[in-house]
Amino acid sequence: MDRLYIFDTTLRDGEQVPGCQLNTVEKIQVAKQLELLGVDVIEAGFPVSSPGDFNSVIEISRAVTWPTICALTRAVERDIDVAAEALQYAKRKRIHTGIGTSDSHIKYKFNSTREEIIERAVRAVKYARRYVDDVEFYAEDAGRTDNDYLARVVEAVIKAGATVVNIPDTTGYCLPQEYGEKIKWLCNHVAGIEHAVISTHCHNDLGMATANTVSGVMNGARQVEVTINGIGERAGNTSLEEVAMILKCHKGLEIETNINTTKIYPTSRMVSSLMNMPVQPNKAIVGKNAFAHSSGIHQDGVLKNVQTYEIIDPHDVGIDDNAIVLTARSGRAALKSRLTALGVKLEQEQLDKVYESFLKLADKKKDINDDDILLLAGADRTQNHRIKLDYLQVTSGVGVKAVASLGLNISGEKFEACASGNGPVDAAIKALKKIVNRTMTLKEFTIQAISKGSDDMGKVHMQVEYDHHTYYGFGANTDIIAASVEAYIDCINKFKL
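Note that the coordinates shown come from a computational prediction; the quantities given were computed from them, not determined experimentally. (Residues numbered from 1 in each chain as written. Predicted model: local features only at pLDDT ≥ 70, side-chain atom pairs only at ≥ 80, totals over all residues. Heavy atoms only, no water.)

Chemist: Even after reading the chapter, I still don't get the sheet that holds strand β14 (residues 400-410), so can you show me in this structure?
Modeler: Strand pairing in a sheet relies on backbone hydrogen bonds, with the paired strands running either antiparallel or parallel. On the basis of which strands lie adjacent, the open sheet formed by three strands has the order β13-β14-β15 and antiparallel pairing. Bordering the open sheet on either side are β13 (387-397) and β15 (413-421), each of which pairs with just one other strand. Averaged over all pairs of adjacent strands, the angle between strand axes in this sheet comes to 10 degrees, irrespective of strand direction. As paired elements, β13 and β14 share nine bridges and run antiparallel to each other. What sits directly across from tyrosine 391, in β14, is glycine 407. The sheet contacts of helix α15 (residues 424-435) involve β13, β14 and β15, and relative to β15 the element is tilted by about 140 degrees. (Pairing = 2+ DSSP bridges. Helix = DSSP H or I, 4+ residues; strand = E, 2+ residues; numbered from the N terminus. Axes fitted to C-alpha atoms, helices over the stretch in contact; angles between N-to-C directions. Contact = heavy atoms within 4.5 Å.)

Next comes the structure, spelled out in structure tokens:
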């Protein structure tokens, strides 16, 4: 198996997204998660650009143990001096320097000539080698650079000491075949290319970043520059999770990475949360719909054998399971499966009647939830509950510690408890846990309004983990605290005790 190195630039190129800037503490948090994920190189920032970036590179270098820490520079000596200073505490360090090589950049950005650009590139690499043994050179806008001239630049910087050569499709312009051929051309026409690693750095302006990156890898590149969730300048960069899972799925390529794929989803959630940048629902691998099935035909196939419509096991990327989403396009198999999961078993004739009612409701209502299904099936949600809420009283306010008292009826026997907490819901759930003495973890807590107005009916959905199983609960009440407690109790009543 060939080894592909993963160079993550979430903290540099990814952070260039407007409104997504992180402070140093948050950057360290992401860097440590990237280390757990298994990335080989972390591009920690552009030190000369600001005191904040300089300090972040220093602190990330201190915090991270085994990945190489990389700092970006222009082909300017002061940039390189500052980068070297910022990297002083890194266990493994790399300076990433470079210059634009396309005719457009040479003429309009630098007002220079091809020969002068090669001289500046060589000078920058030699200067960086005075500080570190690992120097990466980027040929900015290589995607639109003439291949013959690009080969000359690459050959010159390798002779000057570059250990990695980055071939960016800076504007996302290339077609996959075109970009792959460019990498192959360099492999076949650059003397000494075997002494350096060729790297891809593709942008997504035309939606081809991942395709271009994989094409580059198939033609000889052995480092890919990527970001979590594909974030980055303009339309973003190549998505780390997409490349990692493509190689995991296509074992015939015989290329492996060091990525622990089970850490992909938690890393995605962390970056999304810290950068306040939601992941689009249909995003490959990490979007909330990536393992959701709403088509009746698809649902029937997945229920019979998951591989009919899923080429990735959700557990492989750190997601608990796939999701059968009930819509007007769902079939009887999906409805029966969900009812069974909720503890309702129907004969075929009963199922047919419920299914007809379900379709009518699904045509009117966007989201079909468990409570809707139970009502359609004629099931009383609380009828068979072993544990029921008897009463709930909560005291809370500004500057006052929240305190909750509640009573439970457990199989006809009365229990009471009182607890304080960080807010009324927290206090109420802590009181509940005093009575139901089990090790439980709240995994998800969602509130939404059923009706509109000052007397809104609040609806709460919860996921609670117990004994390595996840249970779903529902509560509805004009008092959102009561609805929360009812949802938690609903979960507990489904435990396999």
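Chemist: Looking at this structure, I do not really get the packing of helix α6 (residues 147-160) against helix α7 (residues 176-189). What am I missing?
Modeler: Contact geometry for α6 and α7: axes closest at 10 Å, N-to-C directions at 55 degrees. Compared by their axis directions, α6 and α7 come out oblique. Note that α6 runs across α7; the crossing there is right-handed. On the side of α6, the interface is formed by Asn147, Asp148, Leu150, Ala151, Val154 and Glu155, while α7 contributes Lys182, Trp185, Leu186 and His189. (Parallel < 35°, antiparallel > 145°, perpendicular 65-115°, else oblique. Left-handed = near helix turned anticlockwise from the far one by under 90°.)

Chemist: What is the right way to look at the packing of helix α2 (residues 51-63) against helix α3 (residues 77-86) in this model?
Modeler: For any two helices packed against each other, the geometry is given by the interaxial angle and the distance between the axes. Contact geometry of α2 with α3 gives a least axis separation of 8 Å together with a crossing angle of 35 degrees. Residue-level contacts link Phe54, Val57, Ile58 and Ser61 of α2 to Val82, Glu85 and Ala86 of α3. Each residue belonging to the contact of α2 with α3 can be placed in one class, and the counts come to five nonpolar, one polar and one charged. (Nonpolar A, V, L, I, M, F, W, Y, C, P; charged D, E, K, R; others polar.)

Chemist: What is the right way to look at the environment of isoleucine 42 in this model?
Modeler: In this fold, isoleucine 42 is placed in strand β3 (residues 41-45). Residues isoleucine 42 and phenylalanine 7, 35 residues apart in the sequence, show an inter-C-alpha distance of 6.0 Å. With sequence-adjacent residues up to four places away left out, isoleucine 42 is seen in contact with Asp8, Leu11, Ala31, Leu34, Val64, Pro67, Thr68, Ile69 and Cys70.

Chemist: Honestly, the sheet that holds strand β4 (residues 68-72) in this entry has me stumped. Any pointers?
Modeler: Spatially, eight strands are ordered β2-β3-β4-β5-β6-β7-β8-β9 in a closed barrel, and the strand pairing comes out parallel. Mean inter-strand twist for the sheet, computed between neighbouring axes without regard to direction, equals 25 degrees. Of the strand pairs in this sheet, strand β7 (residues 164-169) and strand β8 (residues 197-202) are connected by six bridges, and their pairing is parallel. Bridged to proline 168 within β8 is histidine 201. Of the strands in this sheet, β7 and β8 are in contact with α7, which crosses β8 at around 160 degrees.

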